[in-house]
Amino acid sequence: MAHSEQSQTSENRLLKSEAILKDFQVSFFAMSRLPSFPWTVKEDLQSNKSSEFISDILKQTCLHPLCRKFPPSVRFRRLFLSELIKLQEAAGCEPLDQLYDALAEVIGAEESSESYKSYLLPGGGAVSLLENVALISEGTTGLVTWEAALYLAEWALEHRQDFTGRSVLELGSGVGLTGITVCRCCSPTSFVFSDCHSTVLQKLKDNIQLNGLNPKTTPEVRVEELDWTSATEEQLRRIRADTVIAADVVYDPDVAVSLVKLLSKIFSCSSPEVLICSTIRNPETYSGFKLQLEKAGIGHQVMTEPVRQVFPYNRLSAIELIRLHR
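Conventions and cut-offs
- Residues numbered from 1 in each chain as written.
- Predicted model: local features only at pLDDT ≥ 70, side-chain atom pairs only at ≥ 80, totals over all residues.
- Heavy atoms only, no water.
- Buried < 20%, exposed > 50% of the residue type's maximum accessible area, 1.4 Å probe, protein only.
- Helix = DSSP H or I, 4+ residues; strand = E, 2+ residues; numbered from the N terminus.
- Pairing = 2+ DSSP bridges.
- Axes fitted to C-alpha atoms, helices over the stretch in contact; angles between N-to-C directions.

Caption draft 1: Region of interest: helix α7 (residues 177-185). Most of α7 is tucked away: eight of the nine residues are buried. Residues Leu177, Thr178, Gly179, Ile180, Thr181, Val182, Cys183 and Cys185 constitute the buried set of α7.

Caption draft 2: Spatial organisation of the sheet that holds strand β9 (residues 319-325). With respect to topology, seven strands assemble into an open sheet ordered β5-β4-β3-β6-β7-β9-β8, the strand pairing being mixed. One side of each edge strand has no neighbouring strand; the edge strands of this open sheet are β5 (220-225) and β8 (299-302). For this sheet the average axis-to-axis angle between neighbouring strands, irrespective of direction, equals 20°. The sheet contact formed by strand β6 (residues 243-247) and strand β7 (residues 273-279) spans five bridges and is parallel. Counted as the bridge partner of valine 244 is valine 274 from β7.

Caption draft 3: Highlighting the pairing of β9. Pairing of β7 with β9, which is carried by six bridges, proceeds in the antiparallel orientation. Bridging from a neighbouring strand, threonine 279 pairs with isoleucine 319 of β9. Pairing analysis gives four bridges linking β8 to β9, with the strands arranged antiparallel. Residue pairing across strands places histidine 300 opposite leucine 324, the latter belonging to β9.

Geometric values such as these leave the question of function open.
Right under this line is the structure:
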């Protein structure tokens with residue numbers, strides 16, 4: 001093999017290794033399902049580099065400073081490390097002391113109903129959120145991040161101009177992923193997070209503070225209790241939103257009716273840009289929402305342009321983003 005071909009092969013192998021490492025890191029901090037990790041990497045490892053590569057995976061995940069500050073759940077780390085040990089054994093590596101040390105640390109640790117998920121941003125840094133381990137807890141689904149919120153955050157990163165220099169209102173903010181991403185990356189002048197469940201609102205405030213945002217920062221950030229059934233036009237005028245966003249808020253027919261009534265009030269107060277992103281779990285409920293919009297005289301346009309993948313989630317889910325207009 002010519003020297004230039006050897007050099008090209010080495011460079012390609014290095015790039016592939018870096019991409020795999022990044023994959024592991026992104027998936028680990030977002031606590032993705034373990035089967036989605038690139039475990040087949042063992043087929044690509046050179047035996048004399050296996051220990052080094054597995055050590056690099058460990059450094060980018062369990063031993064990374066972000067894990068020390070905002071650790072994923074004890075159970076997740078324990079299962080991840082067990083899989084990493086299997087990878088080590090399959091690759092015929094020498095046992096790595098640091099790997100077993102990391103496992104020993106989590107085997108005796110107490111599990112909690114909450115854990116951190118961190119979503120790595122393309123420009124560096126991360127949005128770190130304290131979320132509930134259970135998908136439904138305390139009578140609400142608002143204590144975890146859902147797929148449409150991740151998609152809307154990706155869309156915002158691709159369309160920063162839709163938020164730059166604008167005041168933004170988010171409906172049903174949940175634990176705050178989309179809004180914090182917009183605040184960190186899209187330069188709005190102000191951002192109002194909103195929800196109506198008291199536990200969600202407290203978790204939202206905690207996560208906003210966790211990510212260094214507050215009323216004294218730029219953008220100016222605040223959290224409001226906004227009950228869709230009782231919100232007044234006076235309250236909406238006071239918020240004065242140029243852009244209104246919401247993700248995963250169309251999951252129940254009654255909730256959809258309340259949302260459309262709120263949107264009608266918003267449009268009667270001003271002419272904001274309104275973006276609603278939904279994971280279509282029940283087509284009948286989603287069609288009913290669109291029918292309610294039509295009855296209220298609110299039109300919609302489906303946003304079909306591709307969005308660059310930034311965050312890990314199930315890409316097979318039916319997610320639709322619509323822009324509303326009156």
